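Breakdown of the fold
In case you want the letters, here they are:
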Amino acid sequence: MTASEIEAQKRAAAEAAALLVEDGMKVGLGTGSTVAYLLPALAERALREVRYVSTSPRTEEAARALGLAVEPFALAELDIAIDGTDQVTPGNWLIKGGGGAHTRERLVAAAARRFVVIASADKPVQRLRAPLPLELHAFGLEATLARLPEATLRAGTPRSPDGGVIADLHEPIDDPAALAARLDATPGVVDHGLFPPSMVHDVLIAGTTGVEHRRTQGD
Ligand SMILES: O=C(CO)[C@H](O)[C@H](O)COP(=O)(O)O
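Just so it is clear, the structure is predicted and the values come from calculations on it, not from any experiment.

With respect to the sheet that holds strand β5 (residues 94-95)
- With antiparallel pairing, the three strands of this open sheet are ordered in space as β4-β5-β11. Two strands lie at the open edges of the sheet, namely β4 (87-88) and β11 (194-195), each paired on one side alone.

As for the domain arrangement of the chain
- According to the domain assignment, the chain contains domain 1 (3-125 + 196-208) and domain 2 (132-191).
- Listed per partner, the contact involves 12 residues of domain 1 and 13 residues of domain 2.
- Of all residues in domain 1, Trp93, His102 and Thr103 give up the largest surface area on contact with domain 2, accounting jointly for 44% of the area buried on that side.
- If you look at where domain 1 meets domain 2, you find two salt bridges.
- At the junction of domain 1 and domain 2, the tally comes to seven residue pairs in polar contact (both at pLDDT 80 or more).
- Among the elements that take part in the side of domain 1 that touches domain 2, helix α4 (residues 102-111) stands out by supplying four residues, more than any other.

Overview of the nonpolar core
- Counting residues in hydrophobic clusters, the biggest one holds 27 residues, and the most contacted among them are Val21, Leu42 and Tyr52.
- Mapped onto this core, the elements with two or more residues apiece are α1 (3-18), β1 (26-29), α2 (35-45), β3 (80-83), β6 (115-119) and β12 (202-207).
- The element that contributes the greatest number of residues to this core is α2, accounting for six residues.
- Every residue in contact with Leu42, bar those within four places of it in the chain, is listed here: Ala18, Val21, Leu29, Leu47, Tyr52 and Leu68.
- By size, the runner-up hydrophobic cluster in this structure holds 20 residues, among which are Ile95, Ala167, Leu179 and Val189.

As for the pairing of strand β9 (residues 165-169)
- Among the five residues that make up β9, five are buried, leaving the element largely enclosed by the rest of the structure.
- Here β9 shows a buried face lined by Val165, Ala167 and Leu169 and a second buried face lined by Ile166 and Asp168.
- As paired elements, strand β7 (residues 132-136) and β9 share five bridges and run antiparallel to each other. Paired with Leu136 across the bridge in β9 is Val165.
- Bridge count between strand β8 (residues 151-153) and β9: three bridges; the pairing is antiparallel. Considered in β9, the bridge of Ala151 is made with Leu169.

A look at the packing of α1 against α2
- Remark: α1 packs on α2, axes separated minimally by 8 Å, with the N-to-C direction vectors making an angle of 40°. Accordingly, the angle class assigned to the pair α1 and α2 is oblique. The two elements α1 and α2 cross, and the hand of that crossing is right-handed. Here α1 contributes Glu7, Lys10, Arg11, Ala14, Glu15, Ala17 and Ala18 to the contact with α2, which in turn contributes Tyr37, Leu38, Ala41, Leu42 and Arg45.
- Across the contact of α1 with α2, the residue classes break down as seven nonpolar, no polar and five charged.

Reading the values: the criteria
Residues numbered from 1 in each chain as written. Predicted model: local features only at pLDDT ≥ 70, side-chain atom pairs only at ≥ 80, totals over all residues. Heavy atoms only, no water. Pairing = 2+ DSSP bridges. Helix = DSSP H or I, 4+ residues; strand = E, 2+ residues; numbered from the N terminus. Domains from an automatic or database assignment. Contact = heavy atoms within 4.5 Å. Buried area = accessible area lost by both parts, 1.4 Å probe. Salt bridge = Lys/Arg side-chain N within 4 Å of Asp/Glu carboxyl O. Polar contact = N/O pair within 3.5 Å; in protein donor to acceptor, adjacent residues only side chain to side chain. Core = buried A, V, L, I, M, F, W, Y, C linked by side-chain atoms within 4.5 Å. Buried < 20%, exposed > 50% of the residue type's maximum accessible area, 1.4 Å probe, protein only. Axes fitted to C-alpha atoms, helices over the stretch in contact; angles between N-to-C directions. Parallel < 35°, antiparallel > 145°, perpendicular 65-115°, else oblique. Left-handed = near helix turned anticlockwise from the far one by under 90°. Nonpolar A, V, L, I, M, F, W, Y, C, P; charged D, E, K, R; others polar.

What follows is the structure in structure tokens.
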């Protein structure tokens, strides 16, 4: 696949997802280059009374520039959230966080009644593979890193908008559920990029012959 084919696929998946949004909905916006195609597709639809929340300052700024009404995330529930992914397995496990926004992305996805994942054809994998993005508390960072010897701070040591330190875990992911549970129980880990199939309702994967729409069971 060429870079321009991948870009066309990101756009196709994003445009298909934009059609799932209806007037009056409360919508969560993810982060990344695939979501960057979603924003103009939503703006073009000229939907009425849609309220948007964003998972990153980057998305918020781009959405506002297109005239989308982004508000602080102070809603108990969203109708839909749409986001990209770094990897998706046949069983709909995801690795997210390539852009370091995975903590906010999980919070927004978890609040949504429908979480829609958009992907180009380079994102499906048979098995999840490292690196796995992490967000770590800045407080006590050395002690947290000592608990996670396979973790490295991401180049430039980026921080999340909430002050967390972005890192990546370089260990095999043989059992995603077990690894997620271990990380959830590790002091100092704010969040990680493993999103379970139970969170995912739809996966839209664009390929050379169109957009495949996987409808999953979600919760
Ligand atoms: O999780 C993410 C950001 O934290 C993105 O959704 C993920 O990295 C995919 O990004 P892109 O659409 O640019 O490939």
